[in-house]
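The lines below spell out each chain.
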Amino acid sequence: MSDARDEVDDVVLAWRRERPDLDTSPMEVLSRVDRLARHVDRVRAAAFSRHGLEGWEFDVLAALRRSGEPYRASPGALVRATGVTSGTMTNRVDRLVSRGLVRRDSDPDDRRSVRVELTDQGRATVDGALVDLLGAERELLAGLAEPERAGLADGLRRLLASYGEPA
């Protein structure tokens, strides 16, 4: 156990004093997760902003980049990868096309379908944003040794899996 104290320790201590009949231990984890999520959101927004991107733009571009060459996917695959509705994805792809980050092409195997493909500019943009993002996230985790990061990742993975999140 660490000697370090934070605001959550004070909140939990106050609740234990006021409501000793309640188990406040979930707060010790989830209140910290909530506070950390706010830091992560700010760091990610800053990393994306340096590359002229919003978070949702990075999500779509990153899904295409992770798909491997030729960095192309159907809108349905992008919906599954990003967890948004098909209408939302249509709007997002339209906006990314207008910025020159992706292009739409007919599916050569099915002319009724389209594929979304990362442009060279889109690839360069998402690659640069990823480098900045990973550097910023590494800084967020700098206070933990590698075994601590691995243990935290494992615990969070098991927690998410218990809610049906894909592994």
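About the thresholds
- Residues numbered from 1 in each chain as written.
- Predicted model: local features only at pLDDT ≥ 70, side-chain atom pairs only at ≥ 80, totals over all residues.
- Heavy atoms only, no water.
- UniProt positions renumbered as here; feature names shortened; annotations may be inferred.
- Helix = DSSP H or I, 4+ residues; strand = E, 2+ residues; numbered from the N terminus.
- Core = buried A, V, L, I, M, F, W, Y, C linked by side-chain atoms within 4.5 Å.
- Buried < 20%, exposed > 50% of the residue type's maximum accessible area, 1.4 Å probe, protein only.
- Contact = heavy atoms within 4.5 Å.
- Pairing = 2+ DSSP bridges.
- Axes fitted to C-alpha atoms, helices over the stretch in contact; angles between N-to-C directions.

What to know about the UniProt feature "domain: HTH marR-type" (unreviewed entry) in the protein chain
Here the UniProt feature "domain: HTH marR-type" (unreviewed entry) sits at residues 26-161. Strand forms 12% of residues 26-161 and helix 69%; the C-alpha atoms that close the span are 18 Å apart.

Digging into the nonpolar core
Most often, soluble globular proteins have nonpolar side chains that are buried together. Formed by 25 residues in total, the largest nonpolar core has its most connected members in F58, L61, L64, L78 and V102. If you list the elements that add at least two residues to this core, you get α2 (25-49), α3 (55-66), α4 (75-82), α5 (86-98), β3 (110-118) and α6 (120-140). Counting residues per element, this core draws most heavily on α3, which supplies seven residues. Other than its neighbours up to four places away in sequence, F58 contacts F48, L53, V126, A129, L130 and L133.

With respect to the sheet that holds strand β1 (residues 72-73)
Pairing in this open sheet of three strands is antiparallel, and the strands run β1-β3-β2 from one edge to the other. One side of each edge strand has no neighbouring strand; the edge strands of this open sheet are β1 and β2 (102-107). Where β2 lies against β3, six bridges are found, and the strand directions are antiparallel. Counted as the bridge partner of S106 is V114 from β3. Here α5 sits on the sheet in contact with β2 and β3, set at roughly 115° to β2.

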